[in-house]
Amino acid sequence: MTLFDSPAFEGHEGVHAFHDEKTGLKAIIAVHSTARGPACGGTRMWNYATAEAALDDVLRLSRAMSYKNAVADLDLGGGKSVIIGDSRTQKSPALFEAFGRAVERVGGQYWAAEDVGVSPADLASTRKTTKYVVGLEGTPASSGDPSPTTAEGVFRGVKLVAKRLWNANDLNGLTVAVQGVGHVGGYLADKLHAAGAKLIVTDVNEPVLREVAERTNATVVAPDAIYDVEADIFAPCALGASVNADTLPRLKGKAIVGAANNQLASHEIGRAVFDRGLVYAPDYVVNGGGIINVASEMRALQTGGSYDPAWVEMKLGRLMLTLGEILERSVAEGRPTHEIAAAIARARIDAAEEARAAA
Ligand code: NAD
């Protein structure tokens with residue numbers, strides 16, 4: 001299959017491939033849309049088996065960033081980048097400086113940020129050769145770890161869903177199954193516990209799991225058993241595709257609200273979730289707190305100001321109103337939530353494209 005035939009290529013404004021012989025850098029920067037503003041999305045370093053696999057991943061992820069940024073009503077487009085290589089053995093400051101030169105060549109259409117395999121220290125090297133990078137530490141603009149804001153959004157999403165499903169004003173008596181108690185899942189477990197929810201947790205990282213379970217009084221289960229527990233809400237906070245044809249029939253609760261990206265294994269499974277009567281809070285809506293936090297740093301860098309928590313709170317509040325609208329429309333229109341979320345994002349991107357074309 002050629003690049004232009006790939007279903008993931010659809011709608012991309014540009015795809016840029018870079019090779020730097022001296023450092024061994026092999027990177028792809030995908031810009032899906034700049035209609036709403038410069039494309040912003042993380043940089044992933046991963047040991048892809050083939051260049052095609054890297055290309056497919058970056059295209060899928062950059063399009064998803066357009067939708068996530070639009071639904072959060074940020075003045076940002078969608079993009080993503082990948083560096084092909086093993087982040088444990090092939091990292092060097094020179095590699096990330098070479099990556100910065102690549103970002104610079106895209107001329108501000110794409111802003112890089114942290115993602116799997118890339119740390120703030122790596123981005124500090126990237127910053128030496130481009131200004132189009134966020135997620136740095138130690139400046140007034142720095143937004144820090146996005147996980148607490150992501151967890152706060154998911155927590156508010158859980159409360160919203162509980163209110164809709166059970167008219168519950170608090171989480172007392174509700175059980176939430178949290179899959180993955182890393183950065184976001186850990187903060188989420190703390191918030192749910194403090195709000196009175198009962199927790200069932202799992203993780204493949206034993207020490208982290210034990211620590212979170214102890215401080216939140218949670219019941220621990222084996223990773224695969226999380227799908228079978230008696231919980232009202234399933235909160236996937238580990239990897240993607242955890243809602244699939246195997247796991248969906250096993251879920252006993254009434255809702256799926258979690259931080260993980262790409263929770264639905266396919267578009268069709270989203271329809272199956274709806275048909276089973278489960279309420280699904282679309283992943284890129286409910287986990288948008290993290291990108292809102294990052295966007296605050298970008299604003300500060302562009303204006304020479306500082307990170308602004310009040311702006312982050314305002315944006316997060318509005319995102320939760322959008323989530324409420326999606327849940328409501330799903331019932332009123334008899335349509336799955338992920339389709340409604342995508343329609344809202346698409347309409348916002350299309351409107352920006354039309355305005356740009358008319359200007
Ligand atoms: P993390 O790596 O800190 O946490 C993920 C946890 O999941 C780890 O503790 C890991 O051991 C565990 N895990 C992996 N495989 C598992 C399995 N099969 N069963 C159970 N546990 C498993 O990552 P994070 O930053 O907390 O992000 C979690 C998810 O949320 C990811 O999908 C990420 O893309 C998404 N997300 C994160 C943010 C953010 O602000 N960090 C924002 C948006 C989306």
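Nothing here was measured: the structure is a model prediction, and the numbers come from that model. (Residues numbered from 1 in each chain as written. Predicted model: local features only at pLDDT ≥ 70, side-chain atom pairs only at ≥ 80, totals over all residues. Heavy atoms only, no water.)

Thoughts on the overall build of the chain
Next up, step 1: Within the chain one finds eleven helices and eleven strands.
Next up, step 2: For 359 residues, the compact-globule estimate of 2.2 N^0.38 gives 21 Å, and the chain sits close to it at 20 Å.
Next up, step 3: Structurally, the chain occupies a C-alpha span of about 55 × 50 × 45 Å along its principal axes.
Next up, step 4: Here the chain, with 359 residues, has 53% of them falling under the buried criterion. (Helix = DSSP H or I, 4+ residues; strand = E, 2+ residues; numbered from the N terminus. Rg over C-alpha atoms; globule rule 2.2 N^0.38 Å. Buried < 20%, exposed > 50% of the residue type's maximum accessible area, 1.4 Å probe, protein only.)

Digging into the site of the ligand
Next up, step 1: The ligand sits among 19 residues. The nearest are Thr150, His183, Val184, Asp203 and Ala238.
Next up, step 2: Contact between the ligand and threonine 150: an oxygen atom at 2.7 Å from a side-chain N or O atom of the residue.
Next up, step 3: A distance of 2.6 Å separates an oxygen atom of the ligand from a polar atom in the side chain of aspartate 203.
Next up, step 4: Where the shell around the ligand is concerned, the elements lending two or more residues are α4 (147-166) and α5 (183-194).
Next up, step 5: Looking at side-chain class alone, the shell around the ligand contains nine nonpolar, eight polar and two charged residues. (Near = heavy atom within 4 Å. Polar contact = N/O pair within 3.5 Å; in protein donor to acceptor, adjacent residues only side chain to side chain. Nonpolar A, V, L, I, M, F, W, Y, C, P; charged D, E, K, R; others polar.)

A closer look at the sheet that holds strand β8 (residues 219-220)
As a general point, the strands of a sheet are linked pairwise by backbone hydrogen bonds and lie either parallel or antiparallel.
Next up, step 1: The strand order across the open sheet formed by six strands is β8-β7-β6-β9-β10-β11, and the pairing between neighbours is parallel. Where the open sheet ends on each side, the last strands, each with one partner, are β8 and β11 (279-280).
Next up, step 2: Pairing analysis gives five bridges linking strand β6 (residues 175-179) to strand β7 (residues 198-202), with the strands arranged parallel. When the bridges of β7 are listed, alanine 177 appears paired with isoleucine 200. (Pairing = 2+ DSSP bridges.)

Points about the nonpolar core
Next up, step 1: In terms of nonpolar packing, the biggest core is built from 84 residues, with Ile29, Val178, Leu192 and Val257 touching the most fellow members.
Next up, step 2: Among the elements that make up this core, the one with the highest residue count is helix α10 (residues 309-333) (eight residues).
Next up, step 3: Split by domain, the residues of this core number at least three in each of domain 1 (3-63 + 77-127) and domain 2 (147-287 + 325-345).
Next up, step 4: Once residues within four sequence positions are removed from consideration, leucine 192 is found in contact with Phe155, Val158, Leu171, Val176, Val178, Ala197 and Leu199. (Core = buried A, V, L, I, M, F, W, Y, C linked by side-chain atoms within 4.5 Å. Domains from an automatic or database assignment. Contact = heavy atoms within 4.5 Å.)

Focus on the pattern of salt bridges
Next up, step 1: Tallied over the full model, the rule gives 27 salt bridges.
Next up, step 2: The closest approach of N and O atoms between lysine 191 and glutamate 152, which form a salt bridge, is 2.6 Å. Placement of the pair is lysine 191 in helix α5 and glutamate 152 in helix α4, with a sequence separation of 39 residues.
Next up, step 3: Among the residues examined, lysine 191 registers a relative accessible area of 24% and is labelled partly exposed.
Next up, step 4: Overall, the relative accessible area of 19% leaves glutamate 152 in the buried class.
Next up, step 5: Arginine 215 is the partner of glutamate 211 in a salt bridge, and the nearest nitrogen-oxygen pair spans 3.4 Å. (Salt bridge = Lys/Arg side-chain N within 4 Å of Asp/Glu carboxyl O.)

Describing unusual backbone geometry
Next up, step 1: Positive phi values are uncommon outside glycine, yet asparagine 217 reaches one of about 55°.
Next up, step 2: Looking at the element boundaries, asparagine 217 is found in the loop between α6 (206-216) and β8.
Next up, step 3: Phi at asparagine 262 is positive, roughly 50°, even though this residue is not glycine.

Thoughts on the side chain of histidine 338
Next up, step 1: Along the chain, histidine 338 turns up in helix α11 (residues 337-358).
Next up, step 2: If we ignore the near neighbours within four places in the chain, the residues touching histidine 338 are Leu264, His267, Gly270, Arg271, Tyr280, Pro282 and Tyr284.

Points about the pairing of strand β1 (residues 14-20)
Next up, step 1: With seven bridges joining them, β1 and strand β2 (residues 25-33) adopt antiparallel strand pairing. Within β2, the residue paired with histidine 19 across the bridge is lysine 26.
Next up, step 2: Hairpin geometry of β1 and β2 is characterised by an intervening segment of four residues between the two adjacent antiparallel strands and by a positive phi of about 85° at glycine 24.

Focus on the domain arrangement of the chain
Next up, step 1: Under the domain assignment, the chain is made up of domain 1 (3-63 + 77-127) and domain 2 (147-287 + 325-345).
Next up, step 2: Centre-to-centre, using C-alpha coordinates, domain 1 lies 29 Å away from domain 2.

Notes on the sheet that holds strand β4 (residues 77-84)
Next up, step 1: If you walk across this open sheet you meet the five strands as β1-β2-β4-β3-β5, and the pairing is mixed. On the outer flanks of this sheet lie β1 and β5 (110-114), each paired with one strand and no other. The mean angle between the axes of side-by-side strands here comes to 25°, regardless of whether they run parallel or antiparallel. (Axes fitted to C-alpha atoms, helices over the stretch in contact; angles between N-to-C directions.)

Overview of the packing of aromatic side chains
In this description, a pair of aromatic rings is defined by centroid distance and the angle of the planes.
Next up, step 1: Under the definition given, this model contains four aromatic pairs.
Next up, step 2: An angle of 85° between the planes, with centres 5.2 Å apart, marks the rings of phenylalanine 4 and phenylalanine 9 as edge-to-face.
Next up, step 3: A ring pair is formed by tyrosine 67 and tyrosine 284, whose centres lie 6.3 Å apart and whose planes are at 85°; its orientation type is edge-to-face. Highlighted residues: tyrosine 67 in helix α1 (residues 51-71) and tyrosine 284 in helix α8 (residues 283-286), separated in sequence by 217 residues. In terms of burial, tyrosine 67 and tyrosine 284 fall into one category: buried. (Phe/Tyr/Trp six-rings, centres within 6.5 Å; stacked < 30°, edge-to-face > 60°.)

Considerations on the pairing of β2
Next up, step 1: Most of β2 is tucked away, with eight of its nine residues classed as buried.
Next up, step 2: Two elements, β2 and β4, share six bridges in a ladder whose sense is antiparallel. The residue of β4 that forms the bridge with serine 33 is glycine 78.

Observations concerning α6
Next up, step 1: Inspection of α6 places Leu209, Val212, Ala213 and Thr216 among the buried residues, and these make up the whole buried set. On an axial view of α6, the arc spanned by its buried residues comes to 100°, and they lie on one face. In this structure, α6 carries Pro207, Glu211 and Glu214 as exposed residues pointing more than 90 degrees from its buried face.
Next up, step 2: Residues of α6 that are buried in the fold lie against α5, β7 and β8. (Arc of directions from axis to C-beta.)

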